[in-house]
Amino acid sequence: MVTDLIAITFTLNGATTSIDVSCTHTLAKVLRERLGLMGTKVSCEQGECGACTVIVDGKAVNSCIVLAPEVDGCEVLTIEGLARHGELDPIQTAFIEEGAVQCGYCTAGMIMSAKALLTENPDPTDLEIREALAGNLCRCTGYQRIVQAVSSAAKKLQAIDAVARKG
Amino acid sequence: MVTFQYAAPATLNDAFSLLSGAVRDAAPLAGGTDLINNIRTGAQSPKLVILLRGIRELSGAIEEKQEGVLIGALATLSEIARHACLRRDFPAIAESANLIGSKQIRNRATMAGNLCNASPAADTVPALLLYDATVNIAGSKGRRSVPLAAFVRSPNQTCLAAGEIVESVFVPYPALPSSSCYVRFARREGADLAIVGVAAFASVTHEVRLALGAVGPTAFRAYEAENILRQGVQDPAIWERGLAQAVNAAAPISDLRASREYRLALIKVLTAEAVRCSLDRIRTRGGKW
């Protein structure tokens with residue numbers, strides 16, 4: 001029962017994934033170094049900057065302070081899981097269109113926080129967007145464009161949703 | 001190189017035997033937002049990390065019982081912050097939970113963990129002290145309940161004995177109409193710790209309660225200031241005397257976040273704000289002060 005190497009099975013970007021992990025490794029480390037998903041960035045490594053944000057069971061979390069074995073049985077979504085059939089997620093498109101990317105290091109985390117927000121709240125106010133992104137630091141300080149991108153993504157998603165409901 | 005072993009017990013009994021078992025220095029893991037960082041910095045170096053989330057007797061539920069609200073050890077700060085009953089009847093508690101860390105932190109961190117970490121700046125502690133919260137503890141020798149004021153002993157120190165864990169936190173319903181407010185000052189919202197945190201409670205029966213955080217070794221109720229303010233907050237002399245007494249009750253230190261003098265000055269400002277806000281909230285709810 002007490003162990004240091006653990007076999008875990010979880011859903012990663014829609015696919016069932018089984019892997020033996022060291023119990024001291026974080027989810028961020030396993031995603032990047034064992035599973036090759038480099039889109040999740042590691043920066044502060046103390047849960048402050050949000051660059052490593054991924055979605056676990058529908059909630060945005062800092063993958064640098066989640067132990068890999070903790071996601072056993074969970075559903076994990078990373079930036080690599082957003083595009084569908086070669087088409088970017090509307091949030092990704094909005095970031096490009098609004099020029100919300102500068103150096104790009106914070107972008108994946110920003111988009112994952114935005115994804116969690118818009119899934120829970122499809123029509124957020126600017127304040128709600130800023131609250132949801134408060135744990136994501138952009139040291140290029142491009143926050144205004146980022147907030148605009150999330151707002152524009154919300155409208156895109158609402159339009160897609162409306163078409164789907166009519167259809 | 002950080003090393004520890006890991007266990008994910010399914011029952012409390014399994015957890016108790018692990019906590020008091022062969023491996024010394026076992027650390028329970030709930031949200032992990034303090035623990036994982038502490039392990040990384042070396043502030044904590046457990047030999048065994050025990051995941052609490054899989055324990056079937058532990059719950060993340062927030063239940064409205066006959067006498068009050070029971071908050072399960074696994075309830076996250078996000079869940080507490082948006083809980084309708086807590087927001088309505090215990091606004092300071094919901095507010096304090098919502099001020100901790102970022103969304104990502106609140107989605108993971110638990111209130112029980114905030115109490116067990118026993119930081120002098122823990123935001124939920126002043127808010128819970130207002131309502132005389134009790135901490136329900138489980139251990140191999142049985143269960144016990146401790147008032148929160150006795151649970152947090154000193155910085156990073158609780159009254160938990162080896163092998164004990166927090167099972168839930170109970171908050172009795174206040175006499176209504178009442179309201180409360182938690183305000184804090186930090187250098188940066190979304191990541192930083194409180195420089196000073198003040199929780200205030202007011203009821204239509206002219207009761208005022210105050211609890212201060214980050215201005216002493218533990219958060220505490222400022223009973224003498226409460227007694228002064230209870231005599232009538234509309235009287236400017238009583239108001240000033242009450243605020244001065246709140247400042248007197250504190251013993252802040254200077255640290256990297258602020259000087260002692262700055263903290264003392266903040267107590268007055270934040271106490272005034274928290275009391276006024278509680279009174280406004282009672283009025284908004286149709287209560288008459």
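Just so it is clear, the structure is predicted and the values come from calculations on it, not from any experiment.

## Digging into the sheet that holds strand β3 (residues 53-56) of chain A
Residues and elements named next belong to chain A.
Line of reasoning, step 1. An order of β2-β1-β5-β3-β4 is seen for the five strands of this open sheet, with the pairing classed as mixed. Every other strand in the sheet has two partners, leaving β2 (15-22) and β4 (59-62) as the edge strands with one partner each. Direction aside, neighbouring strands of the sheet carry axes that sit 40° apart on average.
Line of reasoning, step 2. Strand direction decides the pairing type here: strand β1 (residues 5-12) and β2, joined by eight bridges, are antiparallel. Across the sheet, I6 pairs through a bridge with V21, a residue of β2.

## Comments concerning the domain arrangement of chain B
Line of reasoning, step 1. Once the domains are mapped, chain B shows domain 1 (5-51), domain 2 (62-172) and domain 3 (178-284).
Line of reasoning, step 2. On a C-alpha basis, the centroid separation for the pair domain 1 of chain B and domain 3 of chain B is 36 Å.

## Overview of the environment of E167 of chain B
Residue and element names in this part refer to chain B.
Line of reasoning, step 1. Along the chain, E167 turns up in strand β10 (residues 165-172).
Line of reasoning, step 2. A count of 22 C-beta atoms within 10 Å places E167 in the buried class.
Line of reasoning, step 3. Between the C-alpha atoms of E167 and A138, which are 29 residues apart in sequence, the distance is 6.0 Å.
Line of reasoning, step 4. Ignoring anything within four residues of it in the chain, the contact list for E167 reads L58, A73, N136, I137 and A138.

## As for the nonpolar core
Line of reasoning, step 1. In terms of nonpolar packing, the biggest core is built from 149 residues, with I50, I80 and L212 of chain B touching the most fellow members.
Line of reasoning, step 2. Setting aside anything within four residues of it in sequence, one finds I50 of chain B in contact with A7, P9, A15, L18, L19, A26, A27, P28 and L29 of chain B.

## A short note on the interface of chain B and chain A
Line of reasoning, step 1. Each partner contributes to the interface: chain B provides 25 residues, whereas chain A provides 27 residues.
Line of reasoning, step 2. Among the residues making up the side of chain B that touches chain A, the classes are represented as eleven nonpolar, ten polar and four charged.

## Details of the domain arrangement of chain A
Residues and elements named next belong to chain A.
Line of reasoning, step 1. Under the domain assignment, chain A is made up of domain 1 (5-78) and domain 2 (90-166).
Line of reasoning, step 2. Each of domain 1 and domain 2 has a C-alpha centre, and the two are 22 Å apart.
Line of reasoning, step 3. Between domain 1 and domain 2, the residue contacts involve 14 residues of the former and twelve residues of the latter.
Line of reasoning, step 4. Elements with a contribution of two residues or more to the side of domain 1 that touches domain 2: β3 and β4.
Line of reasoning, step 5. The leading source of residues in the side of domain 1 that touches domain 2 is β3, at three residues.

Reading the values: the criteria
Residues numbered from 1 in each chain as written. Chains lettered and ligands numbered in written order. Predicted model: local features only at pLDDT ≥ 70, side-chain atom pairs only at ≥ 80, totals over all residues. Pairing = 2+ DSSP bridges. Helix = DSSP H or I, 4+ residues; strand = E, 2+ residues; numbered from the N terminus. Axes fitted to C-alpha atoms, helices over the stretch in contact; angles between N-to-C directions. Domains from an automatic or database assignment. Buried ≥ 20, exposed ≤ 12 C-beta atoms within 10 Å, placed from the backbone. Contact = placed C-beta atoms within 7 Å. Core = buried A, V, L, I, M, F, W, Y, C linked by C-beta atoms within 7 Å. Nonpolar A, V, L, I, M, F, W, Y, C, P; charged D, E, K, R; others polar.

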